[in-house]
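The residues making up each chain are set out below.
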Amino acid sequence: MITYRTPTCTLSDGASGAVDCLPVSGSNLDLPAVITCACTDPSGKVYTIKCLVERENTPPVIGPCPPDIEVTPNESGPPTITYTIPNCTDAEDGQLETECYTHPPNSTCPKELRCCCIDSGGLTETKYCEIDCGIKVGDNTTDICPAGQVRLIPCPPALRYSEGQGRYTPPNCVRDGLEIGIAVCETVLKGSVVCVCRYRNERDTCTFSTDGGSGSLTITPCEPKVTYVENFFIWNPPTCERDGEVLGISTCSPEPGTSHPGRVTCTCDFGGEHDECGFHIGGPRFASCVQAELDAGMNECCLTDNWGLCTVSGDPHLTTWDLHKFNFGRACDYTLTEFCQGTSNGDFRISAEIHPNDFGMLLVASVTLTIDGESFSINKEPEGFGGSSAGMGPITTKGTMGATVTGYRGTGAPLPYVIRVQMGGVDHIRIQYYPRGDLLYIHVSRQWYFGSILCGLCGTYNDDPEDDLGGSSPEDFAKSFEIEGTCDS
């Protein structure tokens, strides 16, 4: 469950504006997620802020001390100690490896067994288990376990890497559960540190390495899992690693949370070394579940994998299914996508009306889906489905495609209007239009039609951006999909 305090909104006249946030505080969300808050001024202008919510890393947990610690004396040296290594689990990483050792080391009377583990985020957990070595005062030994023993915690400390070198906070000196000071740490060799705690005649040491390693710097994984939430692409930046050790987090451009499909480049720079990798988000290369923005009556649906995305925005700008970007045209109605001529797949077309606003800027004024001889539209003025702000459908067409068409308001701010098309009970088309934000998203399932069957301004949908304009200039290509009789002179 995610809870938060709704932010305030101060308008230009100093008055406080009402703020609406979605999802609401107290919602159960899968992380990462985006919370969108919107404030509308008296003129109707909407101001929004989007906040990315990620899961906080928590330390791992080591199970109870082993009940079967057995000590076998050894006349020639330290005793042999056997035990069952306790389990270590982490909320994010699952089962982790546990390392145990006795303390003091090489003692004929070790006082305790120390078991520790570390998760992928660098958080550690240490379990201290008492050992009954069986040696009492009066035995023929001078190595008597004291009543208390100073301990150095944690060992090794968590490292934060910068330019290939680990930075750390000196561990605490602890005795009988109380902190009695801070360890004194010294670099004895390049990349090697020794920390020491002293209390009266007691002493504890910890030696660890701060070197980033001698191997090559690598980015892992090069193609992280990408999720699509509220029109935003979310991913965890890959880590920068050397010799299997995490040195830090890569820098990605664009950053996670972008709404624009395209190529992402992530880079790592440590100790004079550089590595980078790239991957695509959006379009036919986007292979994560596209979260459907559905109303409460349809929230059981999550659109399937592998969707193409065509984007149209003001001026106008267009990004094709295959990620080719261009500016186009004049004030006309345009065919964005349809079945190519010569195919016999049925009656299908998505078109958009591009008209100037009061300032002469070309905007998306409406979008229309035509399928099986029936038309469904979303208009900018009057705003809504065919002039109605209410929902639409579900309506099942009577042609060969037998599509079920539903219209509803989505989530996020400003609220989009959505037309959802199912065939055979499976989602295949989603049109998402923001009349106030002048933004149009068209999603088409790769499972439905892929591979040079679709034509229009959105391109061929075949993973090849080079053939999207058919060898023409953007101006000539746009003219070929103008709907006759709709263009301004």
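Below is a short write-up of the structure. (Residues numbered from 1 in each chain as written. Predicted model: local features only at pLDDT ≥ 70, side-chain atom pairs only at ≥ 80, totals over all residues. Heavy atoms only, no water.)

1. Re the sheet that holds strand β11 (residues 124-130)
Read across the open sheet, the 3 strands follow the order β9-β10-β11; overall the sheet is antiparallel. Where the open sheet ends on each side, the last strands, each with one partner, are β9 (99-103) and β11. Between one strand and the next, the sheet's axes are offset by a mean angle of 20°, whatever the strand orientation. Where strand β10 (residues 112-118) lies against β11, 7 bridges are found, and the strand directions are antiparallel. Bridge assignment links E112 to a residue of β11, and that residue is E130. (Pairing = 2+ DSSP bridges. Helix = DSSP H or I, 4+ residues; strand = E, 2+ residues; numbered from the N terminus. Axes fitted to C-alpha atoms, helices over the stretch in contact; angles between N-to-C directions.)

2. Digging into the pattern of salt bridges
Evaluation of the coordinates by the stated rule reveals 4 salt bridges. A salt bridge links E482 to R330; the nearest nitrogen and oxygen atoms lie 3.2 Å apart. One end of the pair, E482, is in the segment after α1 (474-479); the other, R330, is in the loop between β30 (325-327) and β31 (332-339), with 152 residues separating them in the sequence. Exposure remark for R330: the relative accessible area of 39% places this residue in the partly exposed category. We note a salt bridge from E338 to R349, for which the minimum N-O separation is 3.4 Å. Taken together, the residues span a long stretch of sequence, with E338 in strand β31 and R349 in strand β32 (residues 348-356) at a distance of 11 residues. A relative accessible area of 32% means that R349 is categorised as partly exposed. (Salt bridge = Lys/Arg side-chain N within 4 Å of Asp/Glu carboxyl O. Buried < 20%, exposed > 50% of the residue type's maximum accessible area, 1.4 Å probe, protein only.)

3. Points about the sheet that holds strand β7 (residues 88-90)
Pairing within the open sheet is antiparallel, and its 3 strands lie in the order β4-β7-β8. The strands lining the two open edges of the sheet, one partner per strand, are β4 (61-62) and β8 (94-96). Across 2 bridges, β4 lies against β7 in antiparallel orientation. Bridging across to β7, I62 finds its partner in C88.

4. A look at the packing of aromatic side chains
Enumeration over the complete set of coordinates arrives at 8 aromatic pairs. Seen from their ring centres, F326 and F477 are 6.0 Å apart, and the 80° between their planes marks the pair as edge-to-face. In this pair, F326 sits in strand β30 while F477 sits in helix α1, placing the two residues 151 residues apart along the sequence. A centroid spacing of 6.3 Å and a plane angle of 85° characterise the contact between Y434 and Y441, whose relative ring orientation is edge-to-face. Here the two residues Y434 and Y441 agree in accessibility, since each one is buried. Among the aromatic side chains, those forming a connected cluster through ring pairs are F326, F328, Y334, F477 and F481. (Phe/Tyr/Trp six-rings, centres within 6.5 Å; stacked < 30°, edge-to-face > 60°.)

5. Quick notes on the state of the cysteines
By definition, a disulfide links the sulfur atoms of two cysteine residues through a covalent bond. On inspection of all chains with the given rule, the structure shows 12 disulfides. There is a disulfide in this structure between C21 and C37, and the S-S distance comes to 2.0 Å. Measuring the twist about the S-S bond at about 110°, one finds the C21-C37 disulfide to be right-handed. Of the two residues, C21 sits in strand β1 (residues 19-22) while C37 sits in strand β2 (residues 33-40), which places them 16 residues apart along the sequence. Note on accessibility: C21 and C37 belong to one class, buried. C340 shares a disulfide with C455; S-S distance 1.9 Å. Looking along the S-S bond of the C340-C455 disulfide, the torsion reads about 100°, which is the right-handed sense. With C340 in the loop between β31 and β32 and C455 in strand β41 (residues 454-455), this residue pair connects regions lying 115 residues apart in the sequence. Using a relative accessible area of 23% as the deciding quantity, one classes C455 as partly exposed. (Disulfide = S-S within 2.5 Å.)

6. Observations concerning unusual backbone geometry
In this structure, the amide linkage connecting T220 to the following residue, P221, adopts the cis form with an omega of -15°. Inspection of the secondary structure assignment puts P221 in the loop between β20 (218-220) and β21 (226-229). With an omega dihedral of -15°, the bond running from D315 to P316 counts as a cis peptide bond. Looking at the element boundaries, P316 is found in the loop between β28 (307-313) and β29 (317-319).

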